[in-house]
Amino acid sequence: MSRTEAPPLPEPLRVPVADAHTHLDMQDATVEEALARAAAVNVTTVIQVGCDLAGSRWAAETAAAHPQVHAAVALHPNEAPRIVHGDPDGTARQGARPAGGRAALHEALAEIDALAALGHVRGVGETGLDYFRTGPEGMAAQEESFRAHIEIAKRHGKALVIHDREAHKDVLRVLADAGAPERTVFHCYSGDADMARICADAGYFMSFAGNVTFKNAQPLRDALDVAPLELLLVETDAPFLTPAPYRGRPNAPYLIPVTLRAMAAVKGVGEDVLAEAVATNTARAFDY
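Procedures and definitions
- Residues numbered from 1 in each chain as written.
- Predicted model: local features only at pLDDT ≥ 70, side-chain atom pairs only at ≥ 80, totals over all residues.
- Heavy atoms only, no water.
- Core = buried A, V, L, I, M, F, W, Y, C linked by side-chain atoms within 4.5 Å.
- Buried < 20%, exposed > 50% of the residue type's maximum accessible area, 1.4 Å probe, protein only.
- Helix = DSSP H or I, 4+ residues; strand = E, 2+ residues; numbered from the N terminus.
- Pairing = 2+ DSSP bridges.
- Axes fitted to C-alpha atoms, helices over the stretch in contact; angles between N-to-C directions.
- Contact = heavy atoms within 4.5 Å.
- Salt bridge = Lys/Arg side-chain N within 4 Å of Asp/Glu carboxyl O.
- Parallel < 35°, antiparallel > 145°, perpendicular 65-115°, else oblique.
- Left-handed = near helix turned anticlockwise from the far one by under 90°.

Visitor: Hey, could you go over the nonpolar core for me, with residue numbers and the actual values?
Guide: Within the largest apolar cluster, 73 residues are counted, with the highest numbers of intra-cluster contacts made by Phe146, Leu175, Phe186, Tyr189 and Phe208. Examining the composition of this core, we find that six residues originate from one element, helix 4 (residues 101-116), more than from any other. Residues Ala20, Ala159, Ala285 and Phe286 belong to the second largest nonpolar core, which totals 12 residues.

Here's what the structure looks like:
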């Protein structure tokens, strides 16, 4: 089987659900094709997430054009250091960039603030901290950007969508210090069971992606096991994190049923019960 071949459509869900985090702009299908395939398996809503200015503009425009799409807008944690310190190697989609300093970061954040005011933009994210690719020199820019996004989310009454990679303690510290928005979502939840209990106590939503199905992901399944049903979301993060048995092949919103069924097995509930819960939770988290 080709690694580039799209997986087959799974058995449709009986209860309609949402993909709480996807990147349609990074997928091979057109928006219309992606939404049609998703609808065929009863994934009827998607949250399209921006990671930079161009992606955030695109997310807002796409949500305005398609009622099944809601947008989240932000500078990804790895984008903030690129803006401040430059990206001479062109690791991001925009290619090589000179250093812009904090002034350039503030300018970019002002545009995110303006986009977040739009009615069809339901979230501010993905923002947060990522210590996997950013060294110590980028951490200050990441935290400044994260704190600014928290304020933007609170000012506009939007959900905060968090990207947390190898930075659990600092993400929780900043949220506690700055004051988390009323609706906060840990996208692609990556913490352990102890952190899930902390998130549950704080009322943070935990969104699980296809990596919860990976063989080496028992700590994630342990976290899912203790996370309350009323705080669970399901997402693809497509085109990334394709669930087993399709790991390594392109992900898309239509594969949500594969992950949801795996989650239901971990939780020991029927798939309809979990689907009802995540559908309600996603609408509550993103206020649609």
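Visitor: Which residues make up the sheet that holds strand 8 (residues 232-234), and what values go with them?
Guide: Across the sheet, which stays open at both edges, the eight strands sit in the order 1-2-3-4-5-6-7-8 with parallel pairing between neighbours. For this open sheet the edge positions go to strand 1 (17-22) and strand 8, each flanked by a neighbour on one side alone. Pairs of neighbouring strands in the sheet enclose a mean axial angle of 30°, with direction left out of account. Summarising the sheet, strand 7 (residues 205-208) and strand 8 pair through three bridges and their orientation is parallel. Directly across from Phe208, in strand 8, lies its bridge partner Val234. Contacts from helix 2 (residues 53-65) reach strand 2 (43-49), strand 3 (69-73) and strand 4 (121-130), with the element oriented near 160° to strand 3.

Visitor: Report on the pattern of salt bridges, specifying residues and quantitative values.
Guide: Across all of its chains, the model carries 14 salt bridges by this definition. Note that Arg97 is salt-bridged to Glu79, the shortest N-O span being 2.8 Å. Taken together, the residues span a long stretch of sequence, with Arg97 in the loop between helix 3 (79-85) and helix 4 and Glu79 in helix 3 at a distance of 18 residues. The closest approach of N and O atoms between Asp87 and Arg82, which form a salt bridge, is 3.7 Å.

Visitor: So what's going on with the packing of helix 8 (residues 218-226) against helix 9 (residues 256-267)? Which residues, and what values?
Guide: Remark: helix 8 packs on helix 9, axes separated minimally by 9 Å, with the N-to-C direction vectors making an angle of 70°. Classified by the angle between their axes, helix 8 and helix 9 sit roughly perpendicular to one another. The handedness of the crossing between helix 8 and helix 9 is right-handed. Judged by residue contacts, Arg221, Leu224, Asp225 and Val226 of helix 8 engage Met263, Val266 and Lys267 from helix 9.

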